[in-house]
Every structure is written in structure tokens, then in C-alpha cells.
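# Structural overview for review
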Amino acid sequence: MRLRRAAKTVAIVNQKGGVGKTTTVVNLAAALGLHGTKVLVVDSDPQGNATSGFGVNRRALQSCVYDVMVTSPEDDVGRVFAETVVHTDVRNVDLIPATINLAGAEVSLATAIARETKLRRGLQPAARLYDMVLLDTGPSLGLLTINALAAAESVLVPIQCEYYALEGLSQLLDVIHLVQAQINPALAIEGIVLTMYDGRTSLSRQVAKEVRRHFRGRVFTVTIPRNVRLAEAPSHGMPGILYDPQSRGARAYVNLAREVFGHAT
């Protein structure tokens, strides 16, 4: 019998919106799941795009990641976790969804004891149930994102190949270093993913070159192209690699999963 090693937990983070965080989470999860890796996606963005990206109706849910985060020491963490997990239509991929209840989490957790580690505590059961945990985060560096960084082993940073790609990145790195120093010393940077790449434009090529120069050795070889099929997939409630497996975007995410998590696929 093969013993399951503790799940690897990766937070996909960039405080800028529209850089492809959720698209990256959903498609990496699907690529890993279809190759036999048991994956848990945690939607910690109040917008809930990862939840709807798997075709899950947010309005029909009784609980969400907020319930996992607000468990008290007297609560049965395993029971709350099990009641919150949703099975998706993608093989081997489960989801802890986000609902509108998450919108007020930053306020309600503001005075809580150990508020930065609420998510880490609530996700403890995942360590023995999954091979990989992927945390989707919102476009901010608030308390929810800090919780994701505190719960993660590593950080994956999507950067779009457009103007101002590096804007705000130094602030993100400062926050990561602060979390390393005060909350999660084991936190590492998994790497940087270039998204929305269009090799036909000099802008994309220049931005990719600049990012690789700034972060030598930390940028993955695979780039994610600007792709219509990837953009269409969420409206159909499925990852791009299922919506159109032969599209350039789908193939790119399969290759990225191999590069980032080769041991898992």
C-alpha cells in the first residue's frame, strides 16, 4: 500500500487583478487531476471566480471557505472541512468554494486571535487527504491573502505580459518576506508564470524578456498565451483544458503543470 505524503500547498498570488490567477488555478488543478493527482482548490477570493469556473452554483451552497476559517478551538475542524468540500466534475479535483459570506471576512476576522493563521488551521485535514492544495487569492494584499500565504508552502506568481507588469511586484515580495519572517518561515517562491503572452507583439516579447532579466532563474519556461478558448471556458463552467483540450492555452497549462509539478504528474 502506498502511503500518501502530506499535501503540497501552493498559493497563487498577485495583488493586481486580471493577471490570470484564477485561470491558472483552475487549469493547473484540472491538468493535475486528469493525470491522477488528488487536488483540492481553495477559493479564498470573495468574487468566487474559481468556484464558478468549476461550474459550481454559489447561491446553492450552505457553507464556504469562510466557515472553514472561523472554526473555534471547540469545533470539530475535520467535520467542518468535510461539510464544506464540494466535488467538482473534474476527476480527482475537489473544491472549497467561496460565497458572498466571504465578503465580510476581513472585518469579522480583524479582532480574532491568530487571525493570520485561521485558514491554515481550517485546512489541516487536507494534508492527509490530497496530494496538492492550490489556493486562489483575490486582487489585494489583505487579510485573506495573508491567510493564504500563511497556509502555503510556496507562492506561484502570475505576471501578465502587458504594460505595468512589474508594477506592485516589489510590494508583493515585501509582504511575502514579512510572512516568512513573522508567520511562515518555510514559505518559498515556487516561481513566476508569464500569462497573456502574444509572441506576435513586440510588447509581449519585451515584457517577457524584462521579467526574466529581473527574476533570473525564477521564471518558468512555459508561457501562457492570450487565448480565446481559455477566456470562453469559465462561461461554460469548466476549465479550459476540458472545454477545448487542443487549444494553445490548454496545452500550455498541461505543460506548465509538468514543469511546475512534474513529480505529481
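Residues numbered from 1 in each chain as written. Predicted model: local features only at pLDDT ≥ 70, side-chain atom pairs only at ≥ 80, totals over all residues. Heavy atoms only, no water.

### Some details on the nonpolar core
Counting 48 residues, the largest nonpolar core has Leu40, Val42, Ile96 and Leu135 as the members making the most contacts within it. Looking at this core, the elements that each hand over two or more residues are β2 (39-43), α3 (65-69), β5 (132-136), α8 (143-151), β6 (154-160), α9 (169-182), β7 (188-197) and α10 (202-214). The residues touching valine 42, leaving out its near neighbours within four places in the chain, are Val65, Ile96, Leu119, Leu123, Val133, Leu134, Leu135 and Asp136. (Core = buried A, V, L, I, M, F, W, Y, C linked by side-chain atoms within 4.5 Å. Buried < 20%, exposed > 50% of the residue type's maximum accessible area, 1.4 Å probe, protein only. Helix = DSSP H or I, 4+ residues; strand = E, 2+ residues; numbered from the N terminus. Contact = heavy atoms within 4.5 Å.)

### Thoughts on the sheet that holds strand β8 (residues 219-225)
Strand order in the open sheet made by the eight strands is β3-β4-β2-β5-β1-β6-β7-β8, with mixed pairing throughout. Since the sheet does not close on itself, it has two edges, and those belong to β3 (86-87) and β8, each with one partner. Note: strand β1 (residues 8-12) against β5, five bridges, orientation parallel. If you follow threonine 9 over to β5, its bridge partner there is valine 133. The strands touched by α9 are β6 and β7; relative to β6, the strand with the most contacts, the crossing angle is about 175°. (Pairing = 2+ DSSP bridges. Axes fitted to C-alpha atoms, helices over the stretch in contact; angles between N-to-C directions.)

### Focus on α8
Summarising burial for α8: nine of the nine residues are buried, a large majority. Where α8 is concerned, the buried positions are Leu143, Leu144, Thr145, Ile146, Asn147, Ala148, Leu149, Ala150 and Ala151.

Shape descriptors only; they carry no functional weight alone.
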